[in-house]
Structures are given as C-alpha cells and as structure tokens.
Amino acid sequence: MPIGDCSVAAKPRKQLLCSLFQTTLGYRACASGWKPMVICRGSHAFKDLINTYRMIEQDDFDINTRLHTIVRGEDEAAMVESVGLALVKLPDVLNRLKPDIMIVHGDRFDALALATSAALMNIRILHIEGGEVSGTIDDSIRHAITKLAHYHVCCTRSAEQHLISMCEDHDRILLAGCPSYDKLLSAKNKDYMSIIRMWLGDDVKSKDYIVALQHPVTTDIKHSIKMFELTLDALISFNKRTLVLFPNIDAGSKEMVRVMRKKGIEHHPNFRAVKHVPFDQFIQLVAHAGCMIGNSSCGVREVGAFGTPVINLGTRQIGRETGENVLHVRDADTQDKILQALHLQFGKQYPCSKIYGDGNAVPRILKFLKSIDLQEPLQKKFCFPPVKENISQDIDHILETLSALAVDLGGTNLRVAIVSMKGEIVKKYTQFNPKTYEERINLILQMCVEAAAEAVKLNCRILGVGISTGGRVNPREGIVLHSTKLIQEWNSVDLRTPLSDTLHLPVWVDNDGNCAALAERKFGQGKGLENFVTLITGTGIGGGIIHQHELIHGSSFCAAELGHLVVSLDGPDCSCGSHGCIEAYASGMALQREAKKLHDEDLLLVEGMSVPKDEAVGALHLIQAAKLGNAKAQSILRTAGTALGLGVVNILHTMNPSLVILSGVLASHYIHIVKDVIRQQALSSVQDVDVVVSDLVDPALLGAASMVLDYTTRRIY
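As the structure is a computational prediction, the values presented were derived from the model and not from experiment. (Residues numbered from 1 in each chain as written. Predicted model: local features only at pLDDT ≥ 70, side-chain atom pairs only at ≥ 80, totals over all residues. Heavy atoms only, no water.)

Draft legend 1. View of the nonpolar core. Formed by 54 residues in total, the largest nonpolar core has its most connected members in Val104, Ile210, Ile293, Ile311, Leu313 and Leu342. Here the element with the most residues in this core is helix 9 (residues 221-238); it accounts for nine residues. Counting only domains with at least three residues in this core, you end up with domain 1 (15-177) and domain 2 (187-345). Setting aside anything within four residues of it in sequence, one finds Leu342 in contact with Ile210, Ala234, Leu235, Phe238, Cys291, Ile293 and Ile311. If you look at the next biggest cluster of nonpolar residues, it comprises 42 residues, including Leu535, Leu562, Tyr670 and Ile678. (Core = buried A, V, L, I, M, F, W, Y, C linked by side-chain atoms within 4.5 Å. Buried < 20%, exposed > 50% of the residue type's maximum accessible area, 1.4 Å probe, protein only. Helix = DSSP H or I, 4+ residues; strand = E, 2+ residues; numbered from the N terminus. Domains from an automatic or database assignment. Contact = heavy atoms within 4.5 Å.)

Dropping the structure here:
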C-alpha cells in the first residue's frame, strides 16, 4: 500500500497539485490534457520503507522535487515537528509551481501541512474523502482540512451530509465514491497465487491466511500498544499463516515495533512481517485472504469490495460506515475476545460491498475539476444554517438517483427493474421465466448486468440487488430452500453468490409475500404503522407480517404462509398436500379449477360472454360471468371470499394488527365479502380493524427494492 504523502502539479492549461495516493487519477489527468509535476515527500523517501518513491517513477511519473518533511521519533512531538518542517519547506515549492488547484487526500497530519500552506498562499484546495467519521486525531485533522478546502469530493452519502452539516457549500460537494475503488473493482489477476506464494510461502492456499495491519491510536497510545500485543498473542494461538504489515509512523509506532520483535514475529514460522507491499499486489492479498484483522481504514473501506471477512479492533475506525463483512471488537481488551472473533470470521465469504464506490469515481472527479471556474472569487463562503430539505443538486455530474435493482421471479415471467429511492420504477425488463435452473440463473445474470449498465446512462446509482421469489427462502444466506410448484428446479438455490460475484453488489433475497409486506411498509398503506398484515391474492395466496416495524420470518423461515391457514376440515385439496386451505378456495388456481368445471358442464357462459377456442378458461372468466349475473359463478366467488374472510378473522384474532392489506389481482373482488365475514365472525374488539386494497402496482418489485434501499440507507453512526 502507498505510505506517506506525495503530490502532483500539472500543466499547461491549468496547474494542478494533487495527491498521488490515487495513481488512476494521475493517469486520467494526463489523458485529459494535464501534465503532472510530482513532489515526493514524507515517508515515501524513507530508506527503511524500501524507497517507495521509486514505485512512483515506475508508474511513469517524473518526480520534480523530493522533500524530507518527516522528523523521526514516532511520538507526539515528532508529529508536530514534521508538520512544522513541512510548513517551512512547502512555500518555496508552491511559489515555484504556482498551482491553480491543490488536491489534498485524507486525514494524515502531513496532509494538514499541505492544506495549511495552500490556504495561506491563496491556492484553491480540493479535498478528497472529507466528511467521514472515524476515531483518534484523524477526525480532527480531516475536519480541519475540510474547513480549509474550497471543494470537496466525498465517498458516501453520509459523508456528504456531514459536510453539509459543517456549513460547506453544497454546490461545491461532489459525491463521487472512493477513487481506489476504481482500481479495486477492475483488479483482475489470474495469477494471484504467485503473489500469495511470494509474500507468504509456497505452501499457502487462497483463503487460508490472514492479513494483519494495525496502527497506533494517537489519543490512547498505551492502550493501542496493549491491544496490538493481545492481537499478536491471538494470532499466534490461531496458528494460521499471517502477513503482518508494520504500523505507520504515528506516535506509538516505535513501541508497537518493539512488541513485534519481543514476540519474535519476524522470525516466527507462521508470520511474514513486511514494511510495504505494492498496491496492486496488496489488492490480491486481501482479496484472497481468509480474514483481515487490525484497525486500518483499508479494512473497513477497501476490503469490503471483495467480501473478505474483516475484524476491526478498537476505536480507531469507530463511526466508519462498513459492510456486513466487518465484525467490530470495540473493547479488544482480552486475547479471548480477539481469538473468538477470528474463529467467527476466518474463511467466511460475504457479499461484495460498494458502500464506498462503484468504480466510476475518477471520471466524476475529472468532470468536477473541469467545471471549476478559476475566475470566480477565491474567498470561501460557508452556508449557515440550516440547508434546505431538498438537497438535490442541479449539476449533471452530481445528480444521480440512488436506486436498487429489483428482481421478481414469478411462475410465468421474470422481471428486473431499476427502482428509485421514492419507489419510482425507472425502467422495467420482462422475459418469460425459463423452465430449467441453468437457463433461469443465466437469464437473471444477463438481465441484471444489462440493467446495471443502463442505470449508468439513466444517472441512477445502484446500491444493491433485491430478489423476490416464490417458496420458502432463507434471507440470511440468500438461498431458496423450497420453491412453489410453479417454478421448477428451484430448490436449495444460492441466489446471492452468483449475483454478488458478477455485479460486485450486495444482494438480498426473500419470499414474494414478505416482499409485498416490505413494499407496503416503505411505499404503501403500511408506511409508519407498527403492526400490519399483507395478504396476496394471485395465482396462489401468500402474505407477510410486520410486527413492531419488523418483518417476521419465523424460526424456519415459514412465517406468514397465510394461504395455508385451514378454514375447513373437509375442503378441497390444496397444492401443499393438505385440504381446506385458503389457497384451495380463493387463489387464482382454485378459481380456474372451478371455472373449468362450469365450462365443461356448459354452465359458465352467459349472454354477452364468450371464450375463444385458443384461450384457456381462467379465473377472470369466472369473475366476468359473476358480474353478468351467473348465479353459480357468484356462489363460487362468495365461497372463495368467505374462505379468505375466515382466514383474515383468524389473523385478527392471532396477530391483532392495526391494518390488513389485500394485494394482488383478485383483492378488489374479495374486499367486500371479507369485510362482511369480519362483521359476522370476528370478536367485537377487532371488528374495527381496517381492511384495505393495496394501491401499489408492483408490490413484488417494490418490496425487493425496499430490502436494498432500507438496508443501505439506514446506517447511522
């Protein structure tokens, strides 16, 4: 990984001084007409860090100036002296280069010196990765740079909100994502095993080693050294090959190195201790590790792109947004806690997270840079308070709609949609659902890839994928356990892994009835309600239960199978193998069965009604006949509605919800009968519970989208 600080200036049209932490940005800047001029300073020039400035030269950047600005000592005083030394040396360099814009990256103390120099010399500053929250002195430094900077590039929506709360001008904030993700998400190295062997030995296998990277906490050095000692003890006990990177040069790092040497880590057969790993190789090492442990921001940010398990120790990264791959051990005060975390995390594989970027940050940043008017006044303005509620911006490179990919697996059709945060279906794709597993999973992947590509053109940022499917689903693992008879070859199917691996997005999967309830909770008539029940009346009968604002799944993920509530001991056979279920009376399949019986006996058609020879008799024909006065059809519908009504009464007596929502194509035909049954059969204490017809057009798609939109936006730290 890059260590320390390195800056780049550029000509001819505009001069740009920027951090070389993001070499992709440097390359793209060259391609856009910039001629970078590089200043290498800080720990890049240290001999005991293998002179990492040479790697900058290997990337075809000419280094114009090398500044030695780090005072050795690795204590608080050395950090202060380093900032002071940089402030003494930087003015001469900046006077010579005369940059129009300086890009400052991150929250290191040496970056503060760079920002301070530029601000005092009237140079415009663009700060990357501002607005984030973590622990230690880094927070204060990051926010101090924010106040000095004129323009801001942030990585997450929360960071953007923090910048706005800090009175920064919203028009000068770009939500771009993390530039390093551009490289992470495009990193492909088929020969990653040679990299693993080079750093860890020939006998090490993928996913069977650990990467450890731990830095001192400058606000609590004593505790961070003790925590590092406990971490090494736990790793020794865990007995897996481990690549340990030396800590950074913050105060306390010298003591941490002493701990490593005291425990013999550099000579231990299970450990490889190194001071630097080239970034391209480090990517492959963490991507194929069984686990990463420590307190580096790399663990909670970049490693999520690969779904590698991470154990975050202590408070150094407290407040960072993280994917589900991160297990926090806030009070890492015993070896047993850390060892237990290793047992829990090692060898797992999580969905790839794109909280910090989607791989398109650099083009956004370059577009943002081109939009900066160097003729506008230099004096920075603050927006005091508060900012308007609608924070959308009228700039095309920022105005992206947070969206989800929603997938609905029905018995007949397979649908994929781009759904916005407000529940608007931006674009929908429909194909016939194939009959075999292989064809179906390939079609899902193809449709999702096409939709994700189209989303970029539509200015939609996809946060994840939500899938609604029939049958019993384990939402924790993203697996369809047992499907309905309508979808063949769909048992014990892992949907999360192939989609996550292909799209590099988190994936959620749930039963279609549960998705309908989630849709009502976020977009429909259940919004804001603590307890309600949704019943789907379609080809089958399904449902979902919201209790205390949460979806109920049950101990074996079989909750809310409301279509299989038994309302008659001697009723018709049901597809589940029982008889007398609601579904055997009121589903579309049940009505179709009764319609065919009437049609075969020439008792279905009435005046004004016909069924073409090439058209199968179905539920809608029965409903049409009932509307035209067919007494037998009317009786069948009344029986079906009564069965559904008795099921609702049972739900009212069991769950006592504040609302029951009937969803699906048959809901409007049943609503009045259901209400009549409630008045006749329900206890007086629940007769006032409202029963309504859903006003959502696509509850399955909206519910699938809501799993993504709720989870990815409800993180509050």
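Having seen it, we continue.
Draft legend 2. Structural view of unusual backbone geometry. The phi angle at Asn122 is positive, at roughly 55 degrees, despite the residue not being glycine. By relative accessible area, Asn122 is classed as exposed at 58%. If you check the backbone angles, Gln548 has positive phi at about 55 degrees while not being a glycine. Tracing the sequence through the fold places Gln548 in the loop between strand 24 (541-547) and strand 25 (550-551).

Draft legend 3. Just the sheet that holds strand 20 (residues 479-482), in detail. Taken in spatial order, the three strands of this open sheet run 19-20-21, and their pairing is antiparallel. The strands lining the two open edges of the sheet, one partner per strand, are strand 19 (472-474) and strand 21 (493-494). Across three bridges, the pairing between strand 19 and strand 20 is antiparallel. From the neighbouring strand, Asn474 faces strand 20, where its bridge partner is Ile479. (Pairing = 2+ DSSP bridges.)

Draft legend 4. Quick look at the side chain of Glu583. Locating Glu583 in the fold gives a position in helix 18 (residues 582-586). Each residue touching Glu583, except ones within four places of it in the same chain, is listed here: Gly540, Ile541, Gly563, His564, Cys574, Ser575, Met589 and Ala590.

Draft legend 5. Spatial organisation of the sheet that holds strand 11 (residues 271-274). Read across the sheet, six strands follow the order 11-10-9-12-13-14 without closing on themselves; strand pairing throughout is parallel. At either margin of the open sheet sits one strand with a lone partner, and together these are strand 11 and strand 14 (326-329). With strand direction ignored, the average angle separating the axes of adjacent strands in the sheet is 20 degrees. Note that strand 13 (residues 310-313) and strand 14 share four bridges and pair parallel. Bridging across to strand 14, Val310 finds its partner in Val326. Docked against the sheet, helix 13 (residues 335-345) engages strand 9 (209-213), strand 12 (291-294), strand 13 and strand 14, running at close to 170 degrees with respect to strand 14. (Axes fitted to C-alpha atoms, helices over the stretch in contact; angles between N-to-C directions.)

Draft legend 6. Examining the confidence of the model for the chain more closely. Residues at a pLDDT of 70 or more form 88% of the chain, whose mean pLDDT is 86. Here residues 1-13 is modelled with pLDDT under 50, and outside its nearest four sequence neighbours on either side it reaches 72 contacts, counting other chains as well. Counting interchain partners and residues more than four positions distant, the pLDDT-below-50 stretch residues 19-24 has 21 contacts. (pLDDT = per-residue confidence, 0-100.)

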